[in-house]
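Report on the structure
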Amino acid sequence: MAMATHGHLHKRRRVCPAAAAAAAAPIDSLADELLFLVLDRVAAADPRALKSFALASRACHAAESRHRRVLRPYRADLLRAALARYPTAVRLDLTLCPRVPGAALAALSSAPMPCLRAVDLSRSRGFGAPGLAALVAACPGLADLDLSNGVDLGDAAAAELARARGLQRLCLSRCKPMTDMGLGCIAVGCPDLRELTLNWCLGITDLGVQLLALKCKKLRTLNLSYTMISKDCLPAIMKLPNLEVLALVGCVGIDDDALSGPENECSKSLRVLDMSTCRNVTHAGVSSVVKAVPNLLELNLSYCCNVTPSMGRCFQILPKLQTLKLEGCKFMADGLKYIGISCVSLRELSLSKCSGMTDTDLSFVVSRLKNLLKLDITCNRNITDVSLAAITSSCPSLISLRMESCSHFSSEGLRLIGKRFCHLEELDITDSDLDDEGLKALSGCRKLSSLKIGICMRISDEALIHIGKSCPELRDIDLYRSGGISDEGVTQIAQGCPMLESINLSYCTEITDVSLVSLSKCAKLNTLEIRGCPSVSSAGLSEIAIGCRLLAKLDIKKCFAINDVGMLFLSQFSHSLRQINLSYCSVTDIGLLSLSSICGLQNMTIVHLAGITPNGLMAALMVSGGLTRVKLHAAFRSMMPPHMLKVVEARGCAFQWIDKPFKVEQERCDIWQQQSRDVLVR
């Protein structure tokens, strides 16, 4: 009996490391600066550890309350209590709350938050002008407000925002009901605005923008993309003395006539100009606007106009230009060559999906751009090893090279990348002829942080092992449909790359739970895609759930051996999970209901789950209060009570109904690769 009692008294107890540290040294004796550094380290290792710390003692609870600067409540009804507990918070992130009723914001009026400076409501609905009025009144120091996707916010809401006199950054993307009247209220009431985003505000016209330019002289960033503006407002914009960034993406009212007007108005402050998808602009309009912005550093003309020699020559006026984006443009004869002659200061050049580009032109351009750091030639299927040899020999300082679906590069040409680019950090050679020797050569790029080699059918574990041993800074690797990869290669990546955050192993059919067990040691992993891997099971997924507490995105479609057991582990350990694809798995109502306990889960795809019943599905949807998007098979639509669906939708959840036939068979990777190459990208 004595021995039993002694054993009982000495049973091992689980003690939070942070709590143990608190017991060793009184919290009150530590300076806040030192204590906050400790808490930052604790939170980086496990976000939930802060909660354990706060429960250790009253002193710990008070310290954690003083430390917290960013609040991300799961439910709007917790908002008032959260703000009361953390009075020194400076940022309120409500992106996990799909619906924030006006009453929740109105409750703030009884507890003013003088420290709160930034509020993010970009993914929330349910509030209107009264709620915004309460928010502005409760936060006298509000300087940053994001109301993106506020499709119900109009002029009345804008009038309330105008009371936030200290507002410096305001995002109103897709606030379609807003008109010039509302924008005028903001312009008059918020003269300190530095950054304003109005893309897709279809009610905004030249009148409102002119008033904005008249009243808000401190503007540095202005986004008018996809609005109905025309040439009449450009002179006023160009007179803004501090404007540095201007976005006019997809503005159909912007044409050559509009751009020729500001020729006499020289904006010396403008540094970044985005006119992509302005299809009514030609090389003549580009030449006109270039003359008005002599200090431009970044210019985006993607999907805008043909690149002619005269347009290339006009860039000589921009001696400081560092970034030029010409995605989807068509190059006329010698157009690309003149860019090489005129833009010798370029650090970043994007030529993705361009037509009319030849080896001769590209080789000439890169030979002139000795200081190029980033190059994107994605989906240019006409260029060959000639261009690749020129790139690798002329641009030794390159840190980013994107060349997905450049199918005419040979394995010999690809080897040059690893031999000559010692500073490379990002490489995308998806859908290429890369083989083991080429991948071994890439291990010479020891600073790689992102490597995308999906649909490379000739690579195997032997070469992947070299990457794991030589690239310790790797954070993102994409092995999509690389059928020669198995557990051995994945294990080496997991062991050699402790900073790994994202890995795509979809349709790597040879991997098993061994790969998942090895990846579970990567504590920073937040994205895992193992779609179409039939040999992984709930046993491997449970290891991921336990080891990878930051997991936010998970794709396990067609992982037939994953069942409710895996979901139970996710619900217990993966509290950071935001997105999951469960299609074709062996999950039943029990597993789906367990997932509903993850408060921050926002996006679910649950098409073709044989174990799911309408009642189980409806119960899970009713419990999951944070869902914003659910993809379901159309067959469920008629089986579920309409009034209950409306309740879920009223909370901010959007349904996407898919009518696809049940298909278990998987195409072989080599057949899929050939089909992808048959698609012409122009």
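The structure displayed is predicted, hence computed values, not measured ones. (Residues numbered from 1 in each chain as written. Predicted model: local features only at pLDDT ≥ 70, side-chain atom pairs only at ≥ 80, totals over all residues. Heavy atoms only, no water.)

1. Some details on the overall build of the chain
The criterion, for reference: Under the scheme used here, helices are H or I runs from DSSP no shorter than 4 residues and strands are E runs no shorter than 2 residues, and both carry numbers assigned from the N terminus. What the globule rule says is 2.2 Å times the number of residues to the power 0.38, and the radius of gyration is computed from C-alpha atoms. It only takes one pair of heavy atoms within 4.5 Å for two residues to be counted as in contact. Here the Shrake-Rupley method, with its probe set to 1.4 Å, supplies the accessible areas, and only the displayed protein chains count as covering residues.
Helix and strand content of the chain: 29 helices and 24 strands. In summary, the chain has a C-alpha radius of gyration of 28 Å against a globular reference of 26 Å for 682 residues, a match within 12%. Principal-axis analysis of the C-alpha atoms places the extent of the chain at approximately 95 × 65 × 60 Å. Put simply, of all contacts in the chain between residues at least 6 apart along the chain, 73% involve residues at least 24 apart. Summing over all exposed atoms, the chain offers an accessible surface of approximately 28,700 Å²; the carbon and sulfur share of this is 54%.

2. A look at helix α19 (residues 411-420)
Worth spelling out the cut-off: Each residue is assigned to one of three classes by its accessible area relative to the maximum for its type, calculated with a 1.4 Å probe on protein chains only: buried under 20%, partly exposed between the two thresholds, exposed over 50%.
Restricting attention to buried positions, one finds in α19 the residues S411, G413, L414, L416, I417 and G418. The secondary structure elements touched by the buried residues of α19 are α18 (385-394), β14 (400-402), β15 (426-428) and α20 (436-442).

3. As for the UniProt feature "domain: F-box/LRR-repeat protein 15-like leucin rich repeat" (unreviewed entry) in the chain
Our working definition: UniProt positions are given in the numbering used here, feature names are shortened, and annotations may be inferred rather than shown by experiment.
Per the UniProt record, "domain: F-box/LRR-repeat protein 15-like leucin rich repeat" (unreviewed entry) is found at residues 130-309 and 320-518. Summarising residues 320-518: 36% helix, 12% strand, and an end-to-end C-alpha distance of 48 Å.

4. Observations concerning the confidence of the model for the chain
Worth spelling out the cut-off: For every residue, the pLDDT score states the predictor's confidence, bounded by 0 at the bottom and 100 at the top.
Chain-level pLDDT for the chain is 89 on average; 91% of the residues reach the 70-or-more range. Note that residues 18-24 has pLDDT below 50 and, in this model, six contacts with residues that lie over four places away or in other chains. Taken as a whole, residues 678-682 scores under 50 in pLDDT and shows five contacts with residues more than four places along the chain or in a different chain.

5. A word on the nonpolar core
The following threshold applies: Here, the term nonpolar core denotes a set of buried Ala, Val, Leu, Ile, Met, Phe, Trp, Tyr and Cys residues that are joined through side-chain atoms within 4.5 Å.
Counting 195 residues, the largest nonpolar core has L172, F315, I417 and L582 as its most contacted members. Beyond its immediate stretch of four places on either side in the chain, I417 contacts L388, T392, L401, M403, L424, L427, I429, L442 and C445.

6. With respect to the packing of helix α27 (residues 614-623) against helix α28 (residues 642-650)
Convention followed: The angle between two axes is taken between their N-to-C directions and runs from 0 to 180 degrees, where each axis is a line fitted to C-alpha atoms and a helix contributes only its stretch in contact. Roughly parallel here means an angle under 35 degrees, roughly antiparallel means over 145, roughly perpendicular means 65 to 115, and every remaining angle is called oblique. Left-handed describes a crossing whose near helix is turned anticlockwise from the far helix by less than a right angle; the clockwise case is right-handed. Each residue receives one of three labels: charged for Asp, Glu, Lys and Arg, nonpolar for Ala, Val, Leu, Ile, Met, Phe, Trp, Tyr, Cys and Pro, and polar for the others, Gly being one of them.
Taken N-terminus to C-terminus, the directions of α27 and α28 make an angle of 30°; their axes are 10 Å apart at the nearest point. Between α27 and α28, the angle is such that the two are roughly parallel. α27 and α28 meet at a crossing whose hand is left-handed. Note on element contacts: α28 touches α27 through M644, L645, V647 and V648, opposite M618, L621 and M622. Of the residues belonging to the contact of α27 with α28, the class tally is seven nonpolar, no polar and no charged.

7. Points about the pairing of strand β23 (residues 629-633)
Using the following cut-off: If DSSP finds at least two bridges between two strands, the strands pair. Seen with its strands pointing away from the viewer, a crossover is right-handed if its path from the first strand over the helix to the second goes clockwise.
Inspection of the sheet shows strand β22 (residues 603-605) paired to β23 by three bridges, in the parallel sense. Among the inter-strand pairings, T605 is bridged to a residue of β23, identified as K631. Chirality of the crossover, the property in question, places the unit of β22, α27 and β23 among those that are right-handed. Pairing between β23 and strand β24 (residues 654-658): five bridges, direction parallel. Bridge pairing in β24 places H633 opposite I658. One crossover worth recording links β23 to the parallel β24 by way of α28, and it is right-handed.

8. Things to note about the pattern of salt bridges
Quick note on the threshold: Every case where a carboxyl oxygen of Asp or Glu lies within 4 Å of a side-chain nitrogen of Lys or Arg is listed as a salt bridge.
Summed over the entire model, instances satisfying the criterion amount to 16 salt bridges. The salt bridge partner of R163 is E160, with a shortest N-O separation of 3.1 Å. Where salt bridges share partners, they join R415, D433, D435 and R458 into one cluster.

9. Examining a nonpolar patch on the surface
Cut-off, in case you're wondering: Residues form patches when they are more than 30% accessible in relative terms and have no salt bridge. Like charges link within 9 Å. Nonpolar side chains (Val, Leu, Ile, Met, Phe, Trp, Tyr) link within 5 Å.
Residues W200, L202, M228 and V252 make up a contiguous nonpolar surface patch of about 370 Å² in total accessible area. Taking relative accessible area as the criterion, V252 reaches 58% and is therefore assigned exposed.

10. Observations concerning the packing of aromatic side chains
Quick note on the threshold: Pairs were defined over the aromatic rings of Phe, Tyr and Trp, the Trp ring being its six-membered one, requiring ring centres within 6.5 Å. Orientation was assigned from the angle between planes: stacked under 30 degrees, edge-to-face over 60, tilted for the rest. Remark: a charge is flagged as sitting over a ring if the NZ atom of Lys or the CZ atom of Arg is within 6 Å of the ring centre and within 35 degrees of the ring normal.
The full count for this structure, using the stated rule, is four aromatic pairs. With a centroid separation of 4.4 Å and an interplanar angle of 5°, the aromatic rings of W200 and Y226 are classed as stacked. With a gap of 26 residues between them, W200 in the loop between β6 (195-197) and α11 (206-215) and Y226 in the loop between β7 (221-223) and α12 (234-238) connect regions that are remote in the sequence. When its relative accessible area of 32% is taken as the criterion, W200 is described as partly exposed. Residue Y226 is classed as partly exposed on the basis of its relative accessible area of 27%. Between the aromatic rings of Y480 and Y507, the centroid separation amounts to 6.0 Å while the plane-to-plane angle is 85°, which identifies the pairing as edge-to-face. Taken together, the residues span a long stretch of sequence, with Y480 in the loop between β17 (476-478) and α22 (487-496) and Y507 in the loop between β18 (502-504) and α23 (513-519) at a distance of 27 residues. In this structure Y480 comes out as partly exposed when scored by relative accessible area, which is 21%. Seen from the ring of Y86, R68 lies directly overhead, with NZ or CZ sitting 4.8 Å from the centre.

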